[in-house]
There are 2 protein chains.
Amino acid sequence: MIENEDLCQVKFVNQSTVGRLRKSLKDPQTIERLAEIFGVLADPTRLKICIFLSQAELCVCDLAAMLNISESAISHQLRLLRSLRLVKFRRDGKMAFYALDDAHVTALIKQGMEHAEERAK
Amino acid sequence: MIENEDLCQVKFVNQSTVGRLRKSLKDPQTIERLAEIFGVLADPTRLKICIFLSQAELCVCDLAAMLNISESAISHQLRLLRSLRLVKFRRDGKMAFYALDDAHVTALIKQGMEHAEERAK
DNA sequence: ATAACATATGAGCAGATGTTCATACGTTGA
DNA sequence: TCAACGTATGAACATCTGCTCATATGTTAT
């Protein structure tokens, strides 16, 4: 018996299953990045921003108006999205236009929507 | 000009686009639920729990051992997953066996993994 | 130049979140 | 009946998070 200290004494789930699953888990960095992406979409404000930016290129003040939130708050969120390279942006004079730059995010939102819509809760 | 107070004066994005996007946004409850699911997967511990439970039925102590975390912490997280009806569980004597009970979550993890794995960052 | 404007950013704050610790509950075997 | 065990849960705590407010930066028009 190896590495068995923490496993409960009565074992129904066979040990090989536990060992197999343990090994199949991706490395910590990948898990971290995965959690990170989900974290981006876990905030309603940021989620809405991503939804909008997946459909059109928009400026900060448009987003602020659409979400009924301060431009500062939007700018902070966009800064986060920029740091994760999830959006691309383009300056045109005073304005800054943002758009989503990660197809996976769009796919995640679409996928998640199926879950969200089928729940009356 | 209707509902134009907050939109910036210089408009390049035409107003109809903003209006159209605004209307296309799902209702607040759906957005909330969507953000909620992503929130579940936004924590590394909970994410790993979901990954494991999508592959096998496991008890609390197995999860605790696999994730190298206290059984209490696992139990708290499982409580959350239960409240969101994302897991089903079955008692057998002293043990409690959990398994994932939402196919969408599995799909989300799979989808997200594609994003996470293609980033060296 | 300077005023108005769109955006960016740092500090600070309130609320949310995840873990630990102590303890309780229900089951099993002696 | 009682001790050991697996699990559950409430409270407390430290950390994280998202917003606001004040202020800064860069651009445009006068």
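One can find the structure itself at the top, above this paragraph.
Residues numbered from 1 in each chain as written. Chains lettered and ligands numbered in written order. Predicted model: local features only at pLDDT ≥ 70, side-chain atom pairs only at ≥ 80, totals over all residues. Heavy atoms only, no water.

Undergrad: Any details on the relation of the copies chain B and chain A? Residues and values, ideally.
TA: Once chain B has been moved 0.0 Å along the axis and rotated by 180°, it coincides with chain A to within an RMSD of 0.0 Å. Taken together, the rotation angle and the small translation identify this as a two-fold axis. Residue Phe 38 of chain B, judged by its C-alpha, is the member of chain B lying nearest the rotation axis, at 2.5 Å. Taken together, the interface assignments show that 100% of the residues at the interface of chain B recur at the interface of chain A, consistent with an identical surface on both copies. (Least-squares fit on C-alpha atoms with pLDDT ≥ 70 in both. Contact = heavy atoms within 4.5 Å.)

Undergrad: Describe the interface of chain B and chain A, naming the residues involved and giving the relevant values.
TA: A common way to express how large an interface is: the accessible area buried when the components associate. Each partner contributes residues to the interface: chain B has 64 residues there, and chain A has 65 residues. The contact between chain B and chain A buries some 5,900 Å² in all, and 68% of this surface belongs to carbon and sulfur atoms. Of all residues in chain B, Phe 38, His 104 and Arg 119 of chain B bury the most surface against chain A, accounting for 11% of the area lost on that side. Summed over the shared surface of chain B and chain A, the result is 2 salt bridges. Seen at the junction of chain B and chain A, the total is 10 residue pairs in polar contact (both at pLDDT 80 or more). Of all elements in the fold, only α1 (15–24), α2 (28–40), α3 (44–53), β1 (58–59), α4 (60–67), β3 (95–100) and α6 (103–117) of chain B reach the threshold of two or more residues within the side of chain B that touches chain A. Of the residues forming the side of chain B that touches chain A, the biggest block, 11 residues, is contributed by α6 of chain B. Looking at the side of chain B that touches chain A residue by residue, the classes come out as 35 nonpolar, 10 polar and 19 charged. (Buried area = accessible area lost by both parts, 1.4 Å probe. Salt bridge = Lys/Arg side-chain N within 4 Å of Asp/Glu carboxyl O. Polar contact = N/O pair within 3.5 Å; in protein donor to acceptor, adjacent residues only side chain to side chain. Helix = DSSP H or I, 4+ residues; strand = E, 2+ residues; numbered from the N terminus. Nonpolar A, V, L, I, M, F, W, Y, C, P; charged D, E, K, R; others polar.)

Undergrad: So what about the protein's contact with DNA strand D? Which residues, and what values?
TA: Taken together, 27 residues form the shell around DNA strand D, and within it Thr 45, Ser 72 and Gln 77 of chain A together with Ser 72 and Tyr 98 of chain B come nearest. The separation between a base oxygen of DNA strand D and a polar side-chain atom of His 76 of chain A is 3.4 Å. Those elements that place two or more of their residues in the surface near DNA strand D are α3 (44–53) and α5 (71–83) of chain A together with α4, α5 (71–83) and β3 of chain B. When residues of the surface near DNA strand D are assigned to their parent elements, the largest contribution, 6 residues, is made by α5 of chain B. Within the surface near DNA strand D, the residues separate by chemical class into 9 nonpolar, 10 polar and 8 charged. (Near = heavy atom within 4 Å.)

Undergrad: Outline the side chain of Gln 111 of chain A, listing residues and values.
TA: If you trace the backbone, Gln 111 of chain A turns up in helix α6 (residues 103–117). If sequence neighbours within four positions are ignored, Gln 111 of chain A has contacts with Ala 107, Leu 108 and Gln 111 of chain B.

Undergrad: An account of the packing of helix α4 (residues 60–67) of chain A against α1 of chain B is needed here, citing residue identities and associated values.
TA: Closest axis-to-axis distance for the α4 of chain A/α1 of chain B pair is 11 Å, and the angle between their directions is 40°. By the angle between their axes, α4 of chain A is oblique relative to α1 of chain B. Crossing angle aside, the handedness with which α4 of chain A passes α1 of chain B is right-handed. Here α4 of chain A contributes Asp 62, Ala 65 and Met 66 of chain A to the contact with α1 of chain B, which in turn contributes Val 18, Leu 21 and Arg 22 of chain B. Looking at the contact of α4 of chain A with α1 of chain B residue by residue, the classes come out as 4 nonpolar, no polar and 2 charged. (Axes fitted to C-alpha atoms, helices over the stretch in contact; angles between N-to-C directions. Parallel < 35°, antiparallel > 145°, perpendicular 65-115°, else oblique. Left-handed = near helix turned anticlockwise from the far one by under 90°.)

Undergrad: Please provide a residue-by-residue account of the pairing of β3 of chain B, values included.
TA: Residue and element names in this part refer to chain B. With respect to burial, β3 is a largely interior element, 6 of its 6 residues being buried. On β3, burial covers both faces: Met 95, Phe 97 and Ala 99 on one face and Ala 96, Tyr 98 and Leu 100 on the other are all buried. As judged from the 2 bridges shared by β1 and β3, these two strands associate in the antiparallel manner. If you follow Cys 59 over to β3, its bridge partner there is Phe 97. In textbook terms, the turn of a hairpin is the stretch between consecutive antiparallel strands, and for strand β2 (residues 87–92) and β3 this stretch comprises 2 residues, one of which, Gly 93, has a positive phi near 70°. (Buried < 20%, exposed > 50% of the residue type's maximum accessible area, 1.4 Å probe, protein only. Pairing = 2+ DSSP bridges.)

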